[in-house]
Amino acid sequence: MSKRIKVLHLYPREMNIYGDWGNVLTILRRLEWHGYEYQLVEHHPGGVFPKGVDIVIGGGGQDSGQSKVQHDLLAIGDTLHALADDNVPMLMICGLYQLFGRFFKTSDGVTIPGIGIFAAETYGGPTRLIGNTVTETPFGEMMGYENHSGLTLLDDTQPALGKILMGKGNNGEDKTEGAIYKAVFGTYLHGSLLPKNPVFADALIEAAVIHSGQKFEPHVIDDRFAHLARDVASKRPR
Amino acid sequence: MLSPKQTARIGRLVKKAMRLRGGGSALPGLIVEKIHPGFLAHALSDLPHGVVVVTGTNGKTTTTKMVTQLLRSEGLKVFTNPSGSNFTRGIVASLLSHVNKDGKLDADIAVIELDEAYAVHFAKQVAPRYTLVLNVFRDQLDRFGEVDYTAKLLAKVVEATTGGIVLNRDDSPVRDLATLVNKTKKIQYFGYDETLARYFPSDADLHGISDEKITLPPLSEGDVVLRSLSNHSATFSFGNHLQPSTKLRIEGIYNVLNVAAALALVRMIRGKACQESALLQEVATVKPAFGRGEAIDIDGKPLEIVLVKNPSGFRLAIESYKLRPADTMIVINDQYADGRDMSWLWDVNFESFQKSGINVVSGIRAYDMALRLQYEEVTVSYVDTSIENALKVFLKDTGSMPKRIFCTYTAMLAVRRSLSRHYHLEPIE
């Protein structure tokens, strides 16, 4: 009997927008399809952070959602840092990506402190960056959809998740998209991101399985719909 | 600048030319807006009962249709914009056939359906006398950004409204608009009895974020509350006064709530002149708007077309129709009017199809939809991006089940276009 992979959905009430649930669902289903058992746990503001987590997924939210989680996020910041250094894979989309940087300074001048896993800063921008995107990454071309007004600037030492080929990415200026620290990935891409990017999904799953102390022995998954959907997505207008 | 008279004439010529080449679109409106930006405001000024705006995320078309029919039954001459043309230029295009030689609309009242962003744009040009706000759900987020932002848009429309406002008493962001309204404007509410709450999940409920307990504003005689509903009938109260039960032809629980919205609005507009018992009888005859559960006869079997525009609408549609199983086709497009972002499909729960499966998936984003269903472990029998081919397969299958198509806006237009070559469909108006 294999050990169950513990999947943590971070702030599912406050930070869960634009199909973020699709990323969690993709991890759960693919774990199953690869022959692994899982346990889905949630963390809410003010709750006790679960022990023995193998993978963490977090999403975006409205400004009101971000303000509801910011204190709790600082409270669990050390725990998240420790997990990150222990190579626990994490995927943080949009709002939580921003708060995994040092801070988010909104266009109203309010500074929301982040937990600084990424050497990055985010500033509220004048317009929303919206549309289909294609990004070149270590996991192949990623198809996604961005929708954000925050502009994220990475330190020179901070690697990006990839180079944006179509779309605006982190800030619309330097062609970077997202950030990577060990197995922690931050990105602006919705879509949902993981269903249409199964190579990336499996990379996260592999890291989670290894963290749980097991060997990753993947099964063959029928990804034809994903490939066809990718083909279509790459040809659509922004 | 050209006079309104000349502008209307040019617009009509363009419209005629467009029709000759088989088009018929918002282009005439666009041209008129360009050569005479004040055309819209001019045409709609001086209407005896002013301009009514119907806005919100879901149910605008059906509600506008109901309000129009109810006002006509009260003897008013009503102008309304054809559904789907709820951009100002679409309204301008349809106004062209209804203005007199001075460029003024020949009607007692105009009832205009507008989405939140266009409502703001419209209200800058023409101050509505009445505004009805139905609900706020996450809709076309790629266009508007965030729900909080949508509420801000609606606030602007409410502020611009001169006479009275009808608000959803049970939708927090809509109800909160009342705080922005100064005392000189009238506010009425529509809503549902608390015993019906489980039928009406709010946007917050759908996302598991409802928390604080709320206090509802007290009811007054002008408010309309849905008190009970059963198959094809419903009971409403005016304030706390229960009215006789009404038969209904429209489908879907949300549409029944929109009946309450339409009644509240028409009662506000008509005031003391309102024939209330006749109004309730008229409500019983309202038919579903096209693509909102309209049924087409296909070789003796009903085919229902259900428009789905956003996660909440799709979820509510699946819930509403769950009790009547049917062979199912889903058509997803991603044109501008549909929304480009496919993320919304992941916010819809398709679990209830796990047993039956889905027969056919089509549209530009057919594979995105098929992928979504794969992750919900729902089997799909046939996938084809060509709507024409997919429809052939779907309609050829001659089981005993009724058929149902869920489709996005431009997908619905394509489905109707394709069907109309072989079957009789009510024209779109």
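Student: Help me out: how do you make sense of the overall build of chain B in this one?
Tutor: In terms of regular secondary structure, chain B is built from 16 helices and 16 strands. The burial tally for chain B puts 51% of its 429 residues in the buried class.

Student: Whenever I open this one, the overall build of chain A confuses me. Can you help?
Tutor: Counting its regular elements, chain A contains 7 helices and 13 strands. Relative to the globule expectation of 18 Å for 238 residues, the C-alpha radius of gyration of chain A, 17 Å, shows essentially globular dimensions. Sorting the 238 residues of chain A into buried and exposed places 53% on the buried side. A fraction of 71% describes how many contacts in chain A between residues 6 or more apart in sequence connect residues 24 or more apart.

Student: I would appreciate a short explanation of the interface of chain A and chain B in the present structure.
Tutor: Quoted interface sizes are often the accessible area lost when the parts come together. Taken together, the contact pairs 31 residues of chain A with 25 residues of chain B. Only helix 1 (20-33), helix 2 (63-75), strand 7 (120-137), strand 8 (140-154), helix 5 (193-196) and helix 7 (224-235) of chain A provide two or more residues apiece to the side of chain A that touches chain B. Residues that form the side of chain A that touches chain B fall into these classes: 12 nonpolar, 12 polar and 7 charged.

Student: What is the right way to look at the sheet that holds strand 3 (residues 55-58) of chain A in this model?
Tutor: Two strands in a sheet stick together by hydrogen bonds in their backbones, pointing the same way (parallel) or opposite ways (antiparallel). Residue and element names in this part refer to chain A. The strand order across the open sheet formed by 6 strands is 2-1-3-4-12-11, and the pairing between neighbours is mixed. One side of each edge strand has no neighbouring strand; the edge strands of this open sheet are strand 2 (38-43) and strand 11 (179-181). Pairs of neighbouring strands in the sheet enclose a mean axial angle of 15°, with direction left out of account. When strand 1 (residues 5-10) meets strand 3, the two strands line up parallel, connected through 4 bridges. Across the sheet, the residue bridging to His9 is Ile57, located in strand 3.

Student: What is the right way to read helix 7 of chain A from this model?
Tutor: A turn of α-helix holds 3.6 residues, and therefore any two residues three or four places apart point the same way. Here helix 7 of chain A spans 17 Å end to end across 12 residues, near enough to the 16 Å set by a 1.5 Å rise per residue. Next to the buried residues of helix 7 of chain A lie strand 7, strand 8, helix 5 and helix 6 (198-211) of chain A together with helix 14 (366-375) of chain B.

Student: It is not clear to me how the environment of B:Ser343 should be interpreted in this structure. Could you clarify?
Tutor: Checked against the element boundaries, B:Ser343 lands in the loop between strand 13 (327-331) and strand 14 (358-362). Residue class for B:Ser343 comes out buried when judged on the 26 C-beta atoms lying within 10 Å of it. As a C-alpha pair, B:Ser343 and B:Pro311 span 32 residues in sequence and 9.3 Å in three-dimensional space. Every residue in contact with B:Ser343, bar those within four places of it in the chain, is listed here: A:Tyr18, A:Gly19, A:Tyr145, A:His190, A:Gly191 and A:Ser192.

Student: Just to check I follow, could you spell out the nonpolar core for this structure?
Tutor: When a protein is soluble and globular, its nonpolar side chains tend to lie buried together. All names here are of chain B. Ranked by size, the top nonpolar core spans 182 residues in total, and within it Val52, Ala110, Ala260 and Leu265 carry the most contacts. Of all the elements, helix 11 (residues 253-270) adds the most residues to this core, at 13 residues. Summarising the domain contributions, this core has at least three residues from each of domain 1 (4-283) and domain 2 (292-420). In contact with Ala260, not counting residues within four places along its chain, are Phe190, Gly191, Val224, Val225, Leu226 and Phe236.

Student: What exactly am I supposed to notice about the pairing of strand 4 (residues 130-133) of chain B here?
Tutor: When a strand is regular, its side chains alternate between the sheet's two faces. Residues and elements named next belong to chain B. Here strand 4 shows a buried face lined by Tyr130 and Leu132 and a second buried face lined by Thr131 and Val133. Where strand 4 lies against strand 5 (residues 164-168), 4 bridges are found, and the strand directions are parallel. Residue pairing for strand 5: Leu132 is matched across the bridge by Val166.

Student: I tried to follow the packing of helix 4 (residues 60-73) of chain B against helix 11 of chain B on my own but got confused; where do I start?
Tutor: If you want to describe how two helices pack, look at the angle between their axes and the distance between the axes. Residue and element names in this part refer to chain B. For the pair helix 4 and helix 11, the least separation of the axes is 9 Å and the interaxial angle reads 40°. Accordingly, the angle class assigned to the pair helix 4 and helix 11 is oblique. The two elements helix 4 and helix 11 cross, and the hand of that crossing is right-handed. In contact with Thr62, Thr63, Met66, Val67, Leu70 and Leu71 of helix 4, helix 11 contributes Asn255, Asn258, Val259, Ala261, Ala262, Leu265 and Val266.

Student: Just to check I follow, could you spell out the pairing of strand 7 of chain A for this structure?
Tutor: All names here are of chain A. Summarising the sheet, strand 5 (residues 103-105) and strand 7 pair through 3 bridges and their orientation is parallel. By the bridge assignment, Phe104 is partnered in strand 7 with Thr122. Direction of pairing for strand 7 relative to strand 8: antiparallel, over a ladder of 14 bridges. From the neighbouring strand, Ile130 faces strand 8, where its bridge partner is Asn147. Remark: 2 residues form the turn of the hairpin made by strand 7 and strand 8, two consecutive strands paired antiparallel. Taken together, the 3 bridges between strand 7 and strand 9 (residues 162-166) define a ladder with antiparallel strand orientation. Across the sheet, Val134 pairs through a bridge with Met166, a residue of strand 9.

Student: How should the environment of B:Leu95 be read in this particular structure?
Tutor: All names here are of chain B. Position of Leu95 relative to the elements: it lies in helix 5 (residues 88-95). Residue Leu95 is classed as buried on the basis of its C-beta count, with 25 C-beta atoms lying within 10 Å. Separated by 87 residues in sequence, Leu95 and Ala8 place their C-alpha atoms 9.0 Å apart. Setting aside anything within four residues of it in sequence, one finds Leu95 in contact with Ala43 and Leu105.

Student: For this particular structure, what's the right way to read the confidence of the model for chain B?
Tutor: Note: predicted coordinates in regions of low pLDDT should not be interpreted at a detailed level. Predicted confidence across chain B gives a mean pLDDT of 85, with 87% of residues reaching 70 or more. Least confident of the elements in chain B is helix 7 (residues 141-144) of chain B, whose mean pLDDT is 48; most confident is helix 14 of chain B, at 98.

Student: Is there a simple way to explain helix 16 (residues 409-420) of chain B in this structure?
Tutor: Its 12 residues give helix 16 of chain B an end-to-end C-alpha distance of 17 Å, which sits within 8% of 16 Å, the value for a rise of 1.5 Å per residue. All buried positions along helix 16 of chain B are accounted for by B:Tyr409, B:Ala411, B:Met412, B:Ala414, B:Val415 and B:Arg416.

Student: Looking at this structure, I do not really get the environment of B:His232. What am I missing?
Tutor: Residue and element names in this part refer to chain B. Summarising the element assignment, His232 is placed in the loop between strand 7 (224-230) and strand 8 (233-238). Residues His232 and Leu248, spaced 16 residues apart in sequence, show a C-alpha to C-alpha distance of 4.9 Å. Filtering out sequence-adjacent residues up to four positions away, His232 remains in contact with Lys247 and Leu248.

Student: I keep staring at unusual backbone geometry and nothing clicks. Help me out?
Tutor: Both trends apply: most residues other than glycine have a negative phi, and most peptide bonds are in trans. Residue and element names in this part refer to chain A. Of note, the amide linkage connecting Gly191 to Ser192 takes the cis form, showing an omega dihedral of -15°. For Tyr11, which is not glycine, the phi dihedral falls at a positive 50°. Mapped onto the elements, Tyr11 comes out in the loop between strand 1 and helix 1. By the C-beta count within 10 Å, which is 24 here, Tyr11 ends up buried. Although it is not a glycine, Tyr18 adopts a positive phi angle of roughly 50°.

Parameters at a glance
- Residues numbered from 1 in each chain as written.
- Chains lettered and ligands numbered in written order.
- Predicted model: local features only at pLDDT ≥ 70, side-chain atom pairs only at ≥ 80, totals over all residues.
- Helix = DSSP H or I, 4+ residues; strand = E, 2+ residues; numbered from the N terminus.
- Buried ≥ 20, exposed ≤ 12 C-beta atoms within 10 Å, placed from the backbone.
- Rg over C-alpha atoms; globule rule 2.2 N^0.38 Å.
- Contact = placed C-beta atoms within 7 Å.
- Nonpolar A, V, L, I, M, F, W, Y, C, P; charged D, E, K, R; others polar.
- Pairing = 2+ DSSP bridges.
- Axes fitted to C-alpha atoms, helices over the stretch in contact; angles between N-to-C directions.
- Expected span 1.5 Å × (residues − 1).
- Core = buried A, V, L, I, M, F, W, Y, C linked by C-beta atoms within 7 Å.
- Domains from an automatic or database assignment.
- Parallel < 35°, antiparallel > 145°, perpendicular 65-115°, else oblique.
- Left-handed = near helix turned anticlockwise from the far one by under 90°.
- pLDDT = per-residue confidence, 0-100.

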